[in-house]
Amino acid sequence: MRKLVFGLLIIAAYASCKSNNGKSTLPIYGSRKAVTKIVDGKSVTDTVYQTIPQFRFVNQYGDSISNKNLDGKVYVADFFFTTCPSICPQMARNMLKVFAAYKNSADFRILSHTIDPKHDSVPVLKKYADKLGVNGNTWWFLQGKKEDTYSIAENSYLVAVKQDSSAAGGYVHQGYFVLVDKQKRVRGAYDGTEAKQVDQLIADIKTLLAEPDPKTTP
Amino acid sequence: MRYIRTIAAVSTLAIITLLIVSCESNTSLEFKRYYSEGAEIYQTRCQNCHGNDGAGLSALIPALNDSTFLKKNKNSLACTIRYGLKGVININGKTFDENMPAAELAPMEIAQVITYMNNSFGNQLGIVTMDEVEADLKNCK
(Lines give C-alpha, C1' and ligand atoms only; values in the text may rest on other atoms or scores of the structure.)
Protein backbone atom coordinates (compact mmCIF):
# COMPACT_ATOMS: atom_id res chain seq x y z
CA MET A 1 0.00 0.00 0.00
CA ARG A 2 2.77 2.38 0.99
CA LYS A 3 4.57 1.58 -2.23
CA LEU A 4 1.46 2.38 -4.20
CA VAL A 5 1.01 5.78 -2.54
CA PHE A 6 4.68 6.57 -3.10
CA GLY A 7 4.40 5.61 -6.75
CA LEU A 8 1.34 7.81 -7.21
CA LEU A 9 3.17 10.72 -5.59
CA ILE A 10 6.04 10.35 -8.04
CA ILE A 11 3.66 10.28 -10.97
CA ALA A 12 1.83 13.36 -9.65
CA ALA A 13 5.10 15.22 -9.17
CA TYR A 14 6.23 14.28 -12.65
CA ALA A 15 2.94 15.37 -14.18
CA SER A 16 3.02 18.75 -12.45
CA CYS A 17 6.60 19.33 -13.54
CA LYS A 18 5.71 18.45 -17.05
CA SER A 19 2.76 20.80 -17.20
CA ASN A 20 4.91 23.64 -15.86
CA ASN A 21 7.88 23.26 -18.17
CA GLY A 22 6.47 22.01 -21.43
CA LYS A 23 3.45 24.29 -21.30
CA SER A 24 1.42 23.78 -24.41
CA THR A 25 -0.78 26.87 -24.16
CA LEU A 26 0.03 30.52 -23.55
CA PRO A 27 -2.16 32.96 -21.63
CA ILE A 28 -4.43 35.36 -23.50
CA TYR A 29 -4.02 38.95 -22.37
CA GLY A 30 -6.34 41.94 -22.56
CA SER A 31 -9.98 42.47 -21.72
CA ARG A 32 -12.56 39.78 -22.46
CA LYS A 33 -16.31 39.48 -22.45
CA ALA A 34 -18.83 36.68 -22.65
CA VAL A 35 -21.12 36.77 -25.67
CA THR A 36 -24.20 34.62 -25.90
CA LYS A 37 -25.36 33.61 -29.34
CA ILE A 38 -28.16 31.39 -30.56
CA VAL A 39 -26.75 28.51 -32.57
CA ASP A 40 -29.15 25.87 -33.94
CA GLY A 41 -31.86 26.98 -31.53
CA LYS A 42 -29.57 26.63 -28.50
CA SER A 43 -27.96 29.50 -26.69
CA VAL A 44 -24.14 29.23 -26.68
CA THR A 45 -21.84 31.42 -24.59
CA ASP A 46 -18.48 32.32 -26.08
CA THR A 47 -15.59 34.34 -24.73
CA VAL A 48 -14.55 37.22 -26.95
CA TYR A 49 -10.99 38.37 -26.38
CA GLN A 50 -9.39 41.76 -26.98
CA THR A 51 -7.59 41.90 -30.32
CA ILE A 52 -5.21 44.32 -32.06
CA PRO A 53 -7.47 46.87 -33.81
CA GLN A 54 -7.16 48.16 -37.38
CA PHE A 55 -3.98 50.02 -38.22
CA ARG A 56 -2.10 51.33 -41.23
CA PHE A 57 1.61 52.08 -41.32
CA VAL A 58 4.33 52.26 -43.98
CA ASN A 59 7.24 49.79 -44.02
CA GLN A 60 10.92 50.25 -44.96
CA TYR A 61 10.10 49.56 -48.62
CA GLY A 62 7.47 52.31 -48.72
CA ASP A 63 4.64 49.76 -48.82
CA SER A 64 1.46 50.35 -46.86
CA ILE A 65 1.02 47.71 -44.14
CA SER A 66 -2.32 47.21 -42.39
CA ASN A 67 -3.78 44.73 -39.91
CA LYS A 68 -4.98 42.73 -42.94
CA ASN A 69 -1.36 41.88 -43.81
CA LEU A 70 -1.15 40.07 -40.48
CA ASP A 71 -4.27 37.92 -40.93
CA GLY A 72 -3.48 34.36 -39.87
CA LYS A 73 0.09 35.25 -38.93
CA VAL A 74 1.94 34.99 -35.65
CA TYR A 75 3.94 38.16 -35.06
CA VAL A 76 6.18 40.02 -32.65
CA ALA A 77 5.81 43.79 -32.22
CA ASP A 78 8.27 46.19 -30.64
CA PHE A 79 8.90 49.93 -30.40
CA PHE A 80 12.25 51.60 -31.05
CA PHE A 81 14.00 54.42 -32.88
CA THR A 82 17.11 54.19 -35.04
CA THR A 83 19.15 56.77 -33.11
CA CYS A 84 18.38 55.30 -29.68
CA PRO A 85 21.71 54.83 -27.92
CA SER A 86 20.58 52.96 -24.83
CA ILE A 87 18.58 49.73 -25.03
CA CYS A 88 17.85 49.60 -28.76
CA PRO A 89 21.10 47.95 -29.94
CA GLN A 90 20.56 45.22 -27.35
CA MET A 91 16.96 44.80 -28.55
CA ALA A 92 18.07 44.67 -32.19
CA ARG A 93 20.71 42.08 -31.34
CA ASN A 94 18.08 39.93 -29.65
CA MET A 95 15.45 40.47 -32.35
CA LEU A 96 18.02 39.31 -34.91
CA LYS A 97 17.99 35.96 -33.07
CA VAL A 98 14.20 35.77 -33.43
CA PHE A 99 14.56 36.75 -37.11
CA ALA A 100 17.22 34.11 -37.71
CA ALA A 101 14.98 31.44 -36.18
CA TYR A 102 11.84 32.21 -38.21
CA LYS A 103 12.83 34.21 -41.29
CA ASN A 104 11.78 31.38 -43.59
CA SER A 105 8.42 30.84 -41.93
CA ALA A 106 5.60 32.14 -44.15
CA ASP A 107 3.27 32.55 -41.14
CA PHE A 108 5.58 34.76 -39.11
CA ARG A 109 6.32 38.50 -39.06
CA ILE A 110 8.22 41.04 -36.95
CA LEU A 111 6.85 44.59 -36.69
CA SER A 112 9.30 47.16 -35.36
CA HIS A 113 7.52 50.51 -34.93
CA THR A 114 9.58 53.68 -34.79
CA ILE A 115 8.52 56.11 -32.09
CA ASP A 116 10.54 58.88 -33.78
CA PRO A 117 8.84 59.14 -37.22
CA LYS A 118 10.19 62.64 -37.73
CA HIS A 119 13.75 61.35 -38.02
CA ASP A 120 13.03 57.75 -39.03
CA SER A 121 11.70 58.30 -42.54
CA VAL A 122 11.21 55.39 -44.95
CA PRO A 123 14.74 55.75 -46.44
CA VAL A 124 16.26 55.96 -42.95
CA LEU A 125 14.44 52.77 -41.94
CA LYS A 126 15.55 51.03 -45.14
CA LYS A 127 19.17 51.96 -44.52
CA TYR A 128 18.87 50.77 -40.91
CA ALA A 129 17.40 47.43 -42.02
CA ASP A 130 20.13 47.02 -44.63
CA LYS A 131 22.84 47.68 -42.08
CA LEU A 132 21.28 45.23 -39.67
CA GLY A 133 21.38 42.68 -42.47
CA VAL A 134 17.60 42.37 -42.72
CA ASN A 135 16.00 41.82 -46.11
CA GLY A 136 12.81 40.21 -47.39
CA ASN A 137 9.35 40.62 -45.89
CA THR A 138 9.60 38.84 -42.54
CA TRP A 139 10.75 41.87 -40.56
CA TRP A 140 9.06 45.17 -41.24
CA PHE A 141 10.21 48.51 -39.85
CA LEU A 142 7.07 50.61 -39.62
CA GLN A 143 6.57 54.33 -39.69
CA GLY A 144 3.37 56.27 -39.07
CA LYS A 145 1.88 59.13 -37.11
CA LYS A 146 3.48 59.31 -33.69
CA GLU A 147 0.10 59.45 -31.92
CA ASP A 148 -1.14 56.38 -33.83
CA THR A 149 1.94 54.41 -32.82
CA TYR A 150 1.69 55.43 -29.18
CA SER A 151 -2.02 54.75 -29.08
CA ILE A 152 -1.76 51.20 -30.44
CA ALA A 153 1.26 50.53 -28.22
CA GLU A 154 -0.34 51.65 -24.99
CA ASN A 155 -3.89 50.49 -25.58
CA SER A 156 -3.34 47.27 -27.46
CA TYR A 157 0.13 45.75 -27.56
CA LEU A 158 1.27 46.51 -24.05
CA VAL A 159 -1.83 45.26 -22.23
CA ALA A 160 0.18 42.29 -21.00
CA VAL A 161 2.76 44.59 -19.46
CA LYS A 162 0.09 46.72 -17.81
CA GLN A 163 -1.59 43.60 -16.46
CA ASP A 164 1.60 42.10 -15.03
CA SER A 165 3.29 45.19 -13.69
CA SER A 166 2.42 47.66 -10.96
CA ALA A 167 4.72 50.29 -12.47
CA ALA A 168 2.94 53.25 -14.01
CA GLY A 169 3.36 54.36 -17.63
CA GLY A 170 6.38 54.54 -19.86
CA TYR A 171 5.96 51.00 -21.19
CA VAL A 172 6.64 52.08 -24.74
CA HIS A 173 10.23 52.91 -23.84
CA GLN A 174 10.95 49.73 -21.93
CA GLY A 175 11.95 47.51 -24.81
CA TYR A 176 9.21 44.89 -24.74
CA PHE A 177 8.73 42.30 -27.46
CA VAL A 178 4.99 41.59 -27.70
CA LEU A 179 3.82 38.25 -29.06
CA VAL A 180 0.55 38.23 -31.03
CA ASP A 181 -1.28 35.10 -32.24
CA LYS A 182 -3.01 34.30 -35.54
CA GLN A 183 -6.23 35.83 -34.19
CA LYS A 184 -4.44 39.06 -33.22
CA ARG A 185 -4.69 38.36 -29.51
CA VAL A 186 -1.74 39.33 -27.28
CA ARG A 187 -0.19 36.16 -25.85
CA GLY A 188 2.97 37.40 -24.16
CA ALA A 189 5.40 40.24 -23.50
CA TYR A 190 9.14 39.68 -23.13
CA ASP A 191 11.96 41.99 -22.08
CA GLY A 192 13.77 42.53 -25.37
CA THR A 193 17.03 43.30 -23.59
CA GLU A 194 17.14 39.96 -21.73
CA ALA A 195 18.62 37.07 -23.72
CA LYS A 196 16.83 34.47 -21.55
CA GLN A 197 13.40 35.99 -22.10
CA VAL A 198 14.06 36.22 -25.81
CA ASP A 199 14.91 32.50 -25.86
CA GLN A 200 11.54 31.87 -24.22
CA LEU A 201 9.89 34.05 -26.87
CA ILE A 202 11.53 31.98 -29.62
CA ALA A 203 10.09 28.83 -28.01
CA ASP A 204 6.64 30.39 -27.54
CA ILE A 205 6.44 31.48 -31.20
CA LYS A 206 6.70 27.81 -32.12
CA THR A 207 3.78 27.04 -29.80
CA LEU A 208 1.61 29.70 -31.45
CA LEU A 209 2.57 28.66 -34.97
CA ALA A 210 1.28 25.18 -34.10
CA GLU A 211 -2.13 26.52 -33.10
CA PRO A 212 -4.88 25.94 -35.68
CA ASP A 213 -5.62 28.69 -38.18
CA PRO A 214 -8.55 30.91 -37.18
CA LYS A 215 -11.86 30.46 -38.96
CA THR A 216 -12.16 32.91 -41.81
CA THR A 217 -15.07 34.79 -40.23
CA PRO A 218 -15.41 38.64 -40.54
CA MET B 1 72.74 13.06 4.75
CA ARG B 2 71.56 12.57 1.24
CA TYR B 3 68.07 13.03 2.46
CA ILE B 4 68.84 16.44 3.93
CA ARG B 5 70.53 17.55 0.74
CA THR B 6 67.43 16.72 -1.24
CA ILE B 7 65.28 18.72 1.13
CA ALA B 8 67.65 21.68 0.87
CA ALA B 9 67.60 21.52 -2.93
CA VAL B 10 63.82 21.32 -3.07
CA SER B 11 63.32 24.21 -0.66
CA THR B 12 65.82 26.40 -2.51
CA LEU B 13 63.97 25.71 -5.71
CA ALA B 14 60.66 26.53 -4.03
CA ILE B 15 61.99 29.83 -2.72
CA ILE B 16 63.33 30.83 -6.12
CA THR B 17 60.00 29.94 -7.74
CA LEU B 18 58.12 31.96 -5.13
CA LEU B 19 60.37 34.96 -5.75
CA ILE B 20 59.82 34.81 -9.49
CA VAL B 21 56.06 34.49 -9.07
CA SER B 22 55.82 37.39 -6.63
CA CYS B 23 57.94 39.62 -8.88
CA GLU B 24 55.68 38.84 -11.77
CA SER B 25 52.55 39.50 -9.78
CA ASN B 26 53.84 42.93 -8.79
CA THR B 27 53.62 44.08 -12.38
CA SER B 28 50.55 42.03 -13.21
CA LEU B 29 48.71 43.15 -10.09
CA GLU B 30 48.31 46.62 -11.57
CA PHE B 31 47.15 45.08 -14.84
CA LYS B 32 44.62 42.89 -13.04
CA ARG B 33 43.25 45.86 -11.14
CA TYR B 34 42.90 47.91 -14.32
CA TYR B 35 41.34 44.98 -16.14
CA SER B 36 38.70 44.13 -13.53
CA GLU B 37 37.69 47.77 -12.99
CA GLY B 38 37.59 48.16 -16.77
CA ALA B 39 35.29 45.15 -17.10
CA GLU B 40 32.74 46.84 -14.85
CA ILE B 41 32.91 50.10 -16.76
CA TYR B 42 32.54 48.18 -20.00
CA GLN B 43 29.38 46.48 -18.74
CA THR B 44 27.69 49.70 -17.73
CA ARG B 45 28.92 52.07 -20.46
CA CYS B 46 29.83 50.08 -23.57
CA GLN B 47 28.12 46.71 -23.56
CA ASN B 48 24.64 47.85 -24.66
CA CYS B 49 26.01 48.82 -28.05
CA HIS B 50 29.17 46.77 -28.52
CA GLY B 51 27.77 43.62 -26.91
CA ASN B 52 29.00 41.47 -24.02
CA ASP B 53 31.32 39.65 -26.40
CA GLY B 54 32.49 42.85 -28.12
CA ALA B 55 31.01 41.63 -31.39
CA GLY B 56 29.19 44.90 -32.19
CA LEU B 57 25.97 44.85 -34.21
CA SER B 58 25.99 43.95 -37.91
CA ALA B 59 27.06 46.95 -40.01
CA LEU B 60 25.73 49.43 -37.45
CA ILE B 61 28.14 49.08 -34.52
CA PRO B 62 31.72 47.85 -34.98
CA ALA B 63 33.26 44.91 -33.15
CA LEU B 64 36.13 45.61 -30.76
CA ASN B 65 38.32 42.71 -31.81
CA ASP B 66 40.34 44.39 -34.57
CA SER B 67 43.75 44.38 -32.88
CA THR B 68 45.38 46.02 -35.89
CA PHE B 69 42.98 48.96 -35.69
CA LEU B 70 43.44 49.22 -31.91
CA LYS B 71 47.23 49.24 -32.27
CA LYS B 72 47.21 51.75 -35.11
CA ASN B 73 44.85 54.11 -33.26
CA LYS B 74 46.42 53.52 -29.86
CA ASN B 75 46.83 57.23 -29.11
CA SER B 76 43.35 58.33 -30.18
CA LEU B 77 41.30 55.67 -28.33
CA ALA B 78 41.06 57.84 -25.19
CA CYS B 79 39.76 60.80 -27.22
CA THR B 80 37.23 58.58 -29.01
CA ILE B 81 35.82 57.30 -25.73
CA ARG B 82 35.83 60.73 -24.08
CA TYR B 83 34.38 62.78 -26.94
CA GLY B 84 32.63 60.22 -29.16
CA LEU B 85 33.22 59.55 -32.82
CA LYS B 86 31.76 60.87 -36.08
CA GLY B 87 32.59 59.93 -39.64
CA VAL B 88 33.67 56.83 -41.50
CA ILE B 89 35.94 54.23 -39.93
CA ASN B 90 37.14 50.88 -41.19
CA ILE B 91 37.08 47.89 -38.83
CA ASN B 92 37.87 44.33 -39.89
CA GLY B 93 37.53 45.46 -43.51
CA LYS B 94 33.99 46.76 -42.95
CA THR B 95 32.95 50.41 -43.15
CA PHE B 96 31.01 52.09 -40.33
CA ASP B 97 29.65 55.64 -40.33
CA GLU B 98 27.26 55.90 -37.38
CA ASN B 99 27.87 58.30 -34.49
CA MET B 100 29.35 57.01 -31.29
CA PRO B 101 28.20 59.06 -28.28
CA ALA B 102 30.72 60.58 -25.86
CA ALA B 103 31.20 58.88 -22.48
CA GLU B 104 31.81 61.15 -19.51
CA LEU B 105 34.62 59.13 -17.98
CA ALA B 106 37.63 60.19 -15.90
CA PRO B 107 41.16 59.50 -17.30
CA MET B 108 41.60 56.61 -14.86
CA GLU B 109 38.32 55.02 -15.97
CA ILE B 110 39.25 55.47 -19.63
CA ALA B 111 42.60 53.76 -18.99
CA GLN B 112 40.84 50.90 -17.23
CA VAL B 113 38.25 50.36 -19.93
CA ILE B 114 40.86 50.51 -22.72
CA THR B 115 42.96 47.98 -20.80
CA TYR B 116 39.91 45.73 -20.56
CA MET B 117 39.07 46.09 -24.26
CA ASN B 118 42.68 45.68 -25.37
CA ASN B 119 42.91 42.37 -23.54
CA SER B 120 39.47 40.90 -24.25
CA PHE B 121 37.64 39.63 -27.34
CA GLY B 122 40.88 38.05 -28.63
CA ASN B 123 43.02 41.19 -28.19
CA GLN B 124 46.29 40.92 -26.26
CA LEU B 125 47.74 44.40 -26.18
CA GLY B 126 48.68 44.84 -22.52
CA ILE B 127 48.00 47.68 -20.12
CA VAL B 128 47.26 51.34 -20.94
CA THR B 129 48.01 53.51 -17.91
CA MET B 130 46.28 56.63 -16.64
CA ASP B 131 49.42 58.68 -17.46
CA GLU B 132 49.27 57.58 -21.08
CA VAL B 133 45.57 58.42 -21.27
CA GLU B 134 46.15 61.88 -19.76
CA ALA B 135 48.85 62.57 -22.33
CA ASP B 136 46.62 61.34 -25.18
CA LEU B 137 43.70 63.47 -24.01
CA LYS B 138 45.81 66.61 -24.43
CA ASN B 139 46.08 65.95 -28.15
CA CYS B 140 42.41 65.32 -29.00
CA LYS B 141 41.32 66.74 -32.33
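Note: the structure precedes this text.
Here the structure is a predicted model, which is why all the values come from computation and not from measurement.

Further remarks concern the overall build of chain B. Within chain B, the secondary structure is distributed over six helices and two strands. Counted from the first residue to the last, chain B has its helices and strands arranged as α-α-α-α-β-β-α-α. Burial status across chain B gives 33% buried among its 141 residues. In chain B, once contacts between residues fewer than 6 apart in sequence are set aside, the share between residues at least 24 apart is 59%. Of the accessible surface of chain B, which amounts to about 9100 Å², a share of 56% is contributed by carbon and sulfur atoms.

Residue and element names in this part refer to chain A. Spatial strand order, 7-6-5-8-9: five strands in an open sheet with mixed pairing. Only two strands of the sheet have a single partner each, and these edge strands are strand 7 (139-142) and strand 9 (186-191). Averaged over all pairs of adjacent strands, the angle between their axes in this sheet comes to 20 degrees, without regard to strand direction. Two strands pair when backbone bridges link them, and strand 8 (residues 176-180) and strand 9 are joined in this way by five bridges, in the antiparallel orientation. Residue pairing across strands places Val-178 opposite Ala-189, the latter belonging to strand 9. Contacting strand 5 (74-80), strand 6 (108-114), strand 8 and strand 9, helix 4 (residues 146-157) runs over the sheet at an angle of about 125 degrees to strand 5.

Before going further, it helps to examine the state of the cysteines. Here the structure, examined in full by the defined rule, presents two disulfides over all chains. The disulfide partner of Cys-84 of chain A is Cys-88 of chain A, and the gap between their sulfur atoms is 2.2 Å. An S-S torsion of about 95 degrees defines the bridge between Cys-84 of chain A and Cys-88 of chain A as right-handed. Take Cys-84 of chain A and Cys-88 of chain A: they sit in the same class, and that class is buried. The disulfide that involves Cys-79 of chain B links it to Cys-140 of chain B, with 2.0 Å between the sulfurs. Since a negative S-S torsion denotes a left-handed disulfide, the Cys-79 of chain B-Cys-140 of chain B link at about -95 degrees is left-handed. Of this pair, Cys-79 of chain B sits in helix 4 (residues 77-83) while Cys-140 of chain B sits in the segment after helix 6 (130-137), and the two are 61 residues apart along the sequence. With no disulfide partner, Cys-46 of chain B has as its closest neighbouring cysteine sulfur the one in Cys-49 of chain B, 8.9 Å distant.

Criteria and cut-off values
Residues numbered from 1 in each chain as written. Chains lettered and ligands numbered in written order. Predicted model: local features only at pLDDT ≥ 70, side-chain atom pairs only at ≥ 80, totals over all residues. Heavy atoms only, no water. Helix = DSSP H or I, 4+ residues; strand = E, 2+ residues; numbered from the N terminus. Buried < 20%, exposed > 50% of the residue type's maximum accessible area, 1.4 Å probe, protein only. Contact = heavy atoms within 4.5 Å. Areas by Shrake-Rupley, 256 points an atom, 1.4 Å probe, with all protein chains shown as cover. Pairing = 2+ DSSP bridges. Axes fitted to C-alpha atoms, helices over the stretch in contact; angles between N-to-C directions. Disulfide = S-S within 2.5 Å.

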